[in-house]
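Summary of the model geometry
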Amino acid sequence: MTTINPALPADQPPAASVPLNYLTERRGWLSWLVTIDHKRIGVMYLVSILTAFLLGGIFAILVRTELLGPSKTIVTADTYNQFFTLHGAIMIFLVIIPSIPAALGNFVLPIMLGAKDLAFPRLNLLSYYLYVLGAVLAVVSIVMGSVDTGWTFYPPYAIDPTHARFGGVIPVLLGVFVLGFSSIFTGLNFIVTIHKLRPPGMGWFRLPLFLWSLYATSIIQVLATPVLGVTVLLLILERALRFGIFHPGLGGDPLLYQHFFWFYSHPAVYIMILPAMGVISELISVFSRKHIFGYHFIAFSSIAIAVFGFFVWGHHMFVSGQSPLVTVLFSLLTYSVSIPSAVKVFNWLATLRGGSISLKTPMLYALGFIFMFGIGGLTGLFLGALATDVHLHDTYFVVAHFHYVMMGGALIALLGGLHYWWPKITGRMYSETWGRLAFVLIFVGFNVTFFPQFIMGSHGMPRRYFNYPPEFASLHQLSTLGSYVMGIGFVLVAGYLLHALFRGRIAPANPWGGATLEWQCASPPPTENFATPPVAGDPYDFSDLEYDPAVGGYVVRTSGAAGANT
Amino acid sequence: MSSSASSASTTAHPPGTHLAHHFQTPAQQFEAAVQGMWLFLATEILLFGGLFCIYAVFRANNPEVFEYAHRYLSKSLGAINTVVLLCSSFTIAAGVRCAQLGRSRQSATLLGLTLLCGLVFLGIKYVEYQHKWKEGLLWGHHYRPEHEASTSLHAPPEAGTADTPTTASPLADPDAPLATAPAPTPTDPDAPSATFAPPALAPPGLRGATAPLPELTGAQRVHNVQTFFGVYFLLTGLHALHVLVGLGLIVWVALRTLGGAFSPLYFTPVAMVALYWHLVDLIWIYLFPLLYLIH
Amino acid sequence: MSRHPTDSDQPHPPLGHVVPLPVLVLTLLVLLALTGLTVGVTVLPWMNLGRLGNLWVALLIATVKATLVALYFMHLRYEKPIIAIILCVTLAFVILFVGLTLKDTREYQPSIQTYRAADPTRYAPDLYNK
């Protein structure tokens, strides 16, 4: 039995009498600024995050442009260092970490769960304002303080007062601290919501996999982010008051900082990828019109990734002076964390097999994810092996690896999810043709940008270097060319999505035929989501749904015949 | 973890229950709040966990520093602070109980007593910090002790008395024996754990072989004593900050209690503030023996 | 802020479990006794178990006190199991973090000590060369 309640109308009333939805019910700036509606907060997050992505992307293009030539091309070395610091800090803290949970999760989670809102709506709004505050603080202070430490802020360089202005890293770290609390409160909210606000019949194993992934992500957010908080606090005290914890000149230990930093920052990458994997589970199933294969395995693998991700932070420190004993231990554990990820990939592929695949734009992103995450994940194994990591650490191999997983993985899934839920959020459909074209540009551009970087890295090209030997020039130029193509793709996405906002076809309640609860309410949803609590069924059973051309979307089959659908 | 909701109507909540529109019953809402607060406490535990990690690393690797420097702390003041915080935990737990039973005046009184205990704690902390400041017992560059650490039951015989400032630097005579635990001896260069041999000449930036030795202030028989005070002020300072925040929250909740905001159906803020205050007490329960009672 | 009757004969049953006052008082007394024990252990010479032993004794007593505070003052005894799970998982991860980091620093200390012992100004060069 699907989760679709046949008693509720699934088609859209005529445009002349569009009922009030969360966008139109109250109007004006103030109603948005003090809203506690999770949908509006999700939209505000989405706008802020995409703005941050634009900013981070501009710095990426600047970095790549500088690397067109072996020596100085457009900026000095110091400025170049600031560019990649900004690019990294913005992309990690302002885009990838919050993106899917805060922008998509905030909007979708309560509706998919069958609830009226998150457990703590005002805390949700606070999370958003902390995000904005932290973002402004971090970006402004990196620019004003000429921070060039890289987004990892390693001491002793980060606490050296001679090269930075306006207190150097202190205001940036304050921004990061504030952002950390935004993340913690979001995770806290999600956990309590999933625990306490499930409707009758929604047991743990009736939850859609996107919610399982958000749950696992929230666990990481609550457990790991406080350690980031204490880390930046310690670094601030070290810089401001010269406490002597990390500074070897005062008897401190700089490697201790790296332990602290990576204890958060490794689980942070699972904060980035788990929700992405949750999106992909939804997309693969819906666009194959087939029940997800291995639901329990995928659900448990999300929790496994969350837990195992805490055991491997030392693999960022193999060549930093960490002891050999602990280094070997971390290498072993790093291999274990790849297993649950592989479980998911195999289950997705098994879902595709025998399915009725439709290559709509969200599905293209999902398939692209599997390919690129596969490459990114597999190259992580090279880095997890000690003998090869000694050679590859701090080279472009690492850069390519994490861009494949973070960008080719998490960002692609964000775009896929954005295109999937766009009709639900905005009530409009975008142009499928432009969507597919933009995807092709992004996909090709991405691979042309980053695949050569694997080659460069294994040949010894170091990362964060402003100039390089001429032998790497052609690969760098190819990479930069790819980045421009990718950039054009993103501009196209922005273009047709904005166009869809104003001129897109009105969306039906269920354009893709999803069986999860959010497709049961109108597009866009009313403010209270559901008038009466919906009844939960199997979120991947599509047998009751059929496409109705009159509506332009899927409706529950009203005939009594047993559906031979798919 | 299924919702405890009955099929109660979601439209009309009983007045005065502060029941939000997305919850079905007050019990469900209260349990959600308790869960949320415990998750927040978990983040605080992890935050202090990081600080305890700093403590553990510095103490395990330089035990002589901690053994020597902790004698500068007053065990009796630390013990009084422990007792004060434990009593404050009791008073606030009793205060929550009164709020649960609708006894607002008693609840407010107990919150006031908790506030008093908290102020006593901060007062004693101020006395301790002031003493450290006067004696030059601070972190990093600021470590300039006026006196040696006071003798105690476990002091080695060569420890100086409280009013004898050290003038002789151990570096004046590199062969002088160190006061407390023996200095870490260089490991055998042929042993597997020694990763490199010390350079024959001091690297540039450190004093040359014939440069005059800088005058060291205070007793430097144990190296890097300033790291103890870095750890001490880090731990107790952040804890004191949390106490201060807690006191502010207690004042807020006490005022609301006096204003009649709470009832047996809604006393969530009191319960939440109490949980936070208990955490502050919990952290001090560990800080006290770890910092004050090292031997 | 709305006004409510403040006397104790409310028609509504209290939310959550009400801890009996004698339980709270008894808990406090035990906590105070344990505090005395913690201090006493450091004063009595026959209870000296060496540096590491004393540390574990102190941590053990502190943990017993913390458990009592959590169980009775913080109602953990009367809450749903999920709360205890949250607490235990958190503590497990703290122990993981502290344990592995500590292990690593202990392992590489000998090379640091070798380096420092060769020239005492290396212990804290910023202080020695100020």
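Cut-offs and rules
- Think of each chain on its own: its residues are numbered from 1, step by step along the sequence as written.
- Each chain takes a letter, starting from A, and each ligand takes a number, starting from 1, following the order in which they are written.
- It should be noted that, the model being predicted, local features are given only for residues of pLDDT at least 70 and side-chain atom pairs only at 80 or more, the latter also being counted only at that level, while totals for whole chains, interfaces and linings use all residues.
- Segments assigned H or I by DSSP are reported as helices when at least four residues long, segments assigned E as strands when at least two residues long, and all are numbered from the N terminus.
- Here the C-beta atoms are placed from the backbone, and a residue counts as buried if at least 20 other C-beta atoms lie within 10 Å of its own, exposed if 12 or fewer do, and partly exposed otherwise.
- Contacts are defined on C-beta atoms placed from the backbone: any two residues whose C-beta positions lie within 7 Å are in contact.
- Here a helix's expected span is defined as the number of its residues, less one, multiplied by 1.5 Å.
- Bend at a residue means the angle formed by two fitted axes: the first through the 7 residues ending at that position, the second through the 7 residues beginning there.
- As a rule, the C-alpha atoms of each element are fitted with a line to give its axis, helices using only the stretch in contact, and angles between N-to-C directions run from 0 to 180 degrees.
- Roughly parallel refers to an angle under 35 degrees, roughly antiparallel to one over 145, roughly perpendicular to one between 65 and 115, and oblique to any angle outside these ranges.
- All residues other than Ala, Val, Leu, Ile, Met, Phe, Trp, Tyr, Cys, Pro, Asp, Glu, Lys and Arg, Gly among them, are scored as polar; the first ten of these are nonpolar and the last four charged.
- By definition, a nonpolar core groups buried Ala, Val, Leu, Ile, Met, Phe, Trp, Tyr and Cys residues that are joined through C-beta atoms within 7 Å.
- Where each domain starts and ends follows an automatic or database-derived domain assignment.
- Pairing between strands is defined by DSSP: at least two bridges between them are needed.
- Here pLDDT means the predictor's own confidence in every residue, given as a number from 0 to 100.
- Crossing handedness follows the turn of the near helix against the far one: under a right angle anticlockwise gives a left-handed crossing, and clockwise gives a right-handed one.

1. Points about the overall build of chain B
Helices and strands together make up the secondary structure of chain B, namely six helices and zero strands. Counted from the first residue to the last, chain B has its helices and strands arranged as α-α-α-α-α-α. Relative to its 295 residues, chain B shows a buried fraction of 48%. By sequence separation, contacts in chain B at least 24 residues apart represent 71% of the contacts at least 6 residues apart.

2. Things to note about the overall build of chain A
Helix and strand counts for chain A stand at 14 helices and four strands. Dimensions of chain A, computed from the C-alpha atoms along their principal axes, are close to 75 × 45 × 45 Å. Buried residues in chain A amount to 59% of all 566 residues. If you take every contact in chain A between residues at least 6 apart in sequence, the share linking residues at least 24 apart comes to 84%.

3. Regarding helix 3 (residues 81-118) of chain C
Between its first and last C-alpha, helix 3 of chain C extends 56 Å over 38 residues, near the 56 Å set by a 1.5 Å rise per residue. In the structure, helix 3 of chain C departs most strongly from a straight axis at Gln109 of chain C, where the bend amounts to approximately 40 degrees and where the proline Pro110 of chain C lies between one and four residues downstream.

4. Structural notes on the environment of Thr186 of chain A
All names here are of chain A. Here Thr186 is to be found in helix 5 (residues 169-196). Taking the C-alpha atoms as reference points, Thr186 and Gln221, 35 residues apart in sequence, are found 8.2 Å from one another. Beyond its immediate stretch of four places on either side in the chain, Thr186 contacts Pro101, Ala102, Ser127 and Gln221.

5. What to know about helix 4 (residues 121-145) of chain A
The terminal C-alpha atoms of helix 4 of chain A, which comprises 25 residues, lie 36 Å apart, in line with the 36 Å expected from a rise of 1.5 Å per residue. After helix 4 of chain A finishes, the residue Ser146 of chain A shows a positive phi value of roughly 50 degrees.

6. Some details on the packing of helix 7 (residues 254-288) of chain A against helix 8 (residues 295-308) of chain A
Residue and element names in this part refer to chain A. Contact geometry of helix 7 with helix 8 gives a least axis separation of 10 Å together with a crossing angle of 170 degrees. By the angle between their directions, the pair helix 7 and helix 8 is classed as roughly antiparallel. Taking contact as the criterion, the partners of Tyr270, Leu274 and Ser281 in helix 7 are, on helix 8, Ile298, Ser302, Ile305 and Ala306. Of the residues that constitute the contact of helix 7 with helix 8, the class distribution is five nonpolar, two polar and no charged.

7. Re the interface of chain C and chain A
Listed as interface residues are 17 residues of chain C and, on the opposing side, 16 residues of chain A. If you list the elements that add at least two residues to the side of chain C that touches chain A, you get helix 3 and helix 4 (125-128) of chain C. Class assignment for the residues of the side of chain C that touches chain A results in ten nonpolar, three polar and four charged.

8. Digging into the nonpolar core
Residues Leu173, Leu211, Leu235, Met272, Ala276, Ile280 and Ala413 of chain A are the most contacted members of the largest nonpolar core, which totals 295 residues. Both domain 1 (19-79) and domain 2 (80-119) of chain C contribute no fewer than three residues apiece to this core. Ignoring sequence-local partners within four residues, the contact set of Ile280 of chain A consists of Trp348, Ala366, Phe369 and Ala413 of chain A.

9. Observations regarding the pairing of strand 3 (residues 545-548) of chain A
Residue and element names in this part refer to chain A. Bridge count between strand 3 and strand 4 (residues 553-556): four bridges; the pairing is antiparallel. Along strand 4, the bridge assignment pairs Asp548 with Gly553. The hairpin turn running from strand 3 into strand 4, its antiparallel successor, is four residues long, and Gly552 in that turn takes a positive phi close to 85 degrees.

10. Considering the environment of Thr193 of chain A
Residues and elements named next belong to chain A. Secondary-structure assignment places Thr193 in helix 5. Residues Thr193 and Ala119 lie 74 residues apart in sequence; the distance between their C-alpha atoms is 4.8 Å. Leave out the neighbours within four places in its chain, and Thr193 touches Leu109, Pro110, Leu113, Ala115, Leu118 and Ala119.

11. Notes on the confidence of the model for chain A
Of all residues in chain A, 95% attain a pLDDT of 70 or more, and the chain-wide mean is 92. Across residues 12-16 of chain A, where pLDDT falls below 50, the model places eight contacts with residues more than four positions away in sequence or in other chains.

12. With respect to the packing of helix 10 (residues 361-384) of chain A against helix 12 (residues 396-426) of chain A
Residues and elements named next belong to chain A. Packing of helix 10 against helix 12 leaves a shortest axis separation of 8 Å and a crossing angle of 160 degrees. It follows that helix 10 is roughly antiparallel to helix 12 by the angle criterion. Pair helix 10 / helix 12 crosses with left-handed handedness. Here the contact of helix 10 with helix 12 is built from residues that sort into 15 nonpolar, eleven polar and no charged.

13. Some points on unusual backbone geometry
Residue and element names in this part refer to chain A. With an omega dihedral of -5 degrees, the bond running from Pro155 to Pro156 counts as a cis peptide bond. Tracing the backbone through its elements, the reader meets Pro156 in the loop between helix 4 and helix 5. Backbone torsion omega between Ser523 and Pro524 reads -10 degrees, so that peptide bond is classified as cis. Checked against the element boundaries, Pro524 lands in the loop between strand 2 (505-506) and strand 3. Within the chain, Phe153 stands out as a residue other than glycine whose phi angle is a positive 50 degrees. For Phe153, a count of 23 C-beta atoms within 10 Å corresponds to the buried category.

14. Looking at the confidence of the model for chain B
For residues with low pLDDT, the predicted coordinates do not support detailed interpretation. When pLDDT is averaged along chain B, the result is 77; 70% of the residues meet or exceed 70. Scoring of the predicted complex yields 0.88 for pTM and 0.91 for ipTM.

15. Digging into the environment of Ala119 of chain A
Mapped onto the fold, Ala119 of chain A is located in the loop between helix 3 (77-113) and helix 4. With 27 C-beta atoms packed within 10 Å, Ala119 of chain A lands in the buried category. It is 7.8 Å that separates the C-alpha atoms of Ala119 of chain A and Lys196 of chain A, two residues lying 77 residues apart in sequence. Once residues lying within four places of it in the same chain are set aside, the contact partners of Ala119 of chain A are Asn189, Val192, Thr193, Lys196 and Leu197 of chain A together with Ala32 and Gly36 of chain B.

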